[in-house]
Amino acid sequence: MANRRLEEIKLLALCMASDNREAFSRLVEMHQQGLRRFLVNLTGGNVYLAEDLAQETFIKAWMAVRNFHGLSGFRTWLYRIAINEYSSWYRREGRMAYEPVDACRMTPAADMHSALDARMDVARAVEQLPEKEKLVTLLFYLEELQIKDIVKITGMPSGTVKSHLSRARNHLEQYMSDPDRF
């Protein structure tokens, strides 16, 4: 973990000092999987939209890397850009319908169906959350970010983040106990 952080700092310094594209490519490689996973979940499973948003995020990050001051981690800064990209898209295009994945196409093994069904139920439940609750839930549980990092990414006060998490847990519990109600 410490070595990764040191490598990240070194790569950022190269990007900022000399517009080193190879260094930025390495930063993209370090963060793209997590960012894309986050965006896929944020977009309700729309892989194509998530890919577009991730690409826009990395382009904006490259163009603004000299403005990165290091007050937060690079990951935190990158996720803030991604959320801004998603918010811009959401304001322009609106919420897309959630299209659940067909479990039968994904896994041929019968014993995996129940685990997959459970994950799909959770994904559907998260998709039902109001946008801010969904956002903090994905950052906290999926991305395993701490409250202080979520505060930096979202710009929400700590108490607001905690309130959204609490309400999201209540909503998820209600949805999981009676999904037909929603």
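Residues numbered from 1 in each chain as written. Predicted model: local features only at pLDDT ≥ 70, side-chain atom pairs only at ≥ 80, totals over all residues. Heavy atoms only, no water.

*Asks:* Outline helix 2 (residues 21-42), listing residues and values.
*Replies:* If you look at helix 2, its biggest bend is around 50°, right at H31. Of all the residues in helix 2, the buried ones are A23, F24, L27, V28, M30, H31, G34, L35, F38, L39 and L42. Of the surrounding elements, those touching the buried residues of helix 2 are helix 1 (2-18), helix 3 (47-64), helix 4 (74-93) and helix 7 (131-142). Where helix 2 begins, the capping side chain belongs to N20, and its oxygen is found 3.0 Å from the backbone nitrogen of E22. Taken from the residues just after helix 2, G44 is the one with a positive phi, measuring 70°. (Bend = angle between axes of the 7 residues up to and from the residue. Helix = DSSP H or I, 4+ residues; strand = E, 2+ residues; numbered from the N terminus. Buried < 20%, exposed > 50% of the residue type's maximum accessible area, 1.4 Å probe, protein only. Contact = heavy atoms within 4.5 Å. Polar contact = N/O pair within 3.5 Å; in protein donor to acceptor, adjacent residues only side chain to side chain.)

*Asks:* An account of the packing of helix 7 against helix 8 (residues 147-154) is needed here, citing residue identities and associated values.
*Replies:* Two numbers describe a pair of packed helices, the interaxial angle and the distance between the axes. Two elements in contact, helix 7 and helix 8, have axes separated by 10 Å at closest approach and are oriented at 135°. Considering their axes alone, helix 7 and helix 8 lie oblique with respect to each other. The way helix 7 lies across helix 8 gives a crossing that is right-handed. When helix 7 is examined against helix 8, the residues L135, V136, L139 and F140 are found in contact with a partner set consisting of I147, I150, I153 and T154. Its residues placed into classes, the contact of helix 7 with helix 8 shows seven nonpolar, one polar and no charged. (Axes fitted to C-alpha atoms, helices over the stretch in contact; angles between N-to-C directions. Parallel < 35°, antiparallel > 145°, perpendicular 65-115°, else oblique. Left-handed = near helix turned anticlockwise from the far one by under 90°. Nonpolar A, V, L, I, M, F, W, Y, C, P; charged D, E, K, R; others polar.)

*Asks:* So what's going on with the packing of aromatic side chains? Which residues, and what values?
*Replies:* Under the criterion given, the structure shown has nine aromatic pairs. Seen in terms of ring centroids, W89 and Y90 are 6.4 Å apart; in terms of plane orientation they differ by 55°. Their pairing is tilted. On the accessibility criterion, Y90 (28% relative accessible area) is partly exposed. Ring-pair connections join several aromatic residues into one group, and the members of that group are F68, F74 and W77. (Phe/Tyr/Trp six-rings, centres within 6.5 Å; stacked < 30°, edge-to-face > 60°.)

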